[in-house]
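Given next are the chains, with one letter for each unit.
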Amino acid sequence: QVQLVESGGGFVQPGGSLGLSCVASGSIIRIHRMSWYRRVLGKKHELVSVMTRSGPADYGDFVQGRFTATSDFAKNTAYLQMNSLKSEDTAVYYCNMYVEGSSFGEYWGQGTQVTVSS
């Protein structure tokens, strides 16, 4: 069994910054992919970023250079630094990891609320 625990998030004014982190624990041999998604109220999950062991992160079009995803595969930890936040970035943010353990599986964090408002 694998657990993902997120931290960070909260309330920030437009133009501000927030950082999220996500730590995986449990029966992990190797994490192959770390991603961030978000769900805006009333909408579907939206990909924020995805990063594999081989390469730089890819981002959703709406990011436009404002967010930076980093991954420490040795520490089973993903980070998302969000700058120049806008009100439309208000959402619940989820980390997602594709994990090799006793079998391969995809796991989700519990979600953390990010609210951008003046």
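Here the structure is shown first, and the text comes after it.
Residues numbered from 1 in each chain as written. Predicted model: local features only at pLDDT ≥ 70, side-chain atom pairs only at ≥ 80, totals over all residues. Heavy atoms only, no water.

*Asks:* Got a sec to walk through the pattern of salt bridges? Specific residues and values, please.
*Replies:* Once the charged atoms of two side chains with opposite charge are near each other, the side chains can pair. All told, the structure shown has 4 salt bridges when counted by the stated rule. Two residues, Glu106 and Arg33, come together in a salt bridge whose shortest N-O distance is 3.6 Å. Taken together, the residues Glu106 in strand β10 (residues 104-108) and Arg33 in strand β4 (residues 30-39) connect sequence positions 73 residues apart. The salt bridge partner of Glu46 is Arg38, with a shortest N-O separation of 2.9 Å. Using a relative accessible area of 29% as the deciding quantity, one classes Glu46 as partly exposed. Taken together, the shared-partner salt bridges connect Arg38, Glu46, Arg66 and Asp89 into one network. (Salt bridge = Lys/Arg side-chain N within 4 Å of Asp/Glu carboxyl O. Helix = DSSP H or I, 4+ residues; strand = E, 2+ residues; numbered from the N terminus. Buried < 20%, exposed > 50% of the residue type's maximum accessible area, 1.4 Å probe, protein only.)

*Asks:* Please give an account of the environment of Leu4 that cites residues and values.
*Replies:* Its location among the elements puts Leu4 in strand β1 (residues 2-8). Classification of Leu4 by relative accessible area gives buried; the value is 7%. For the pair formed by Leu4 and Asp58, sequence separation is 54 residues and the distance between their alpha carbons is 21 Å. Leave out the neighbours within four places in its chain, and Leu4 touches Cys22, Val23, Ala24, Cys95, Asn96, Met97, Tyr107, Trp108, Gly109 and Gln110. (Contact = heavy atoms within 4.5 Å.)

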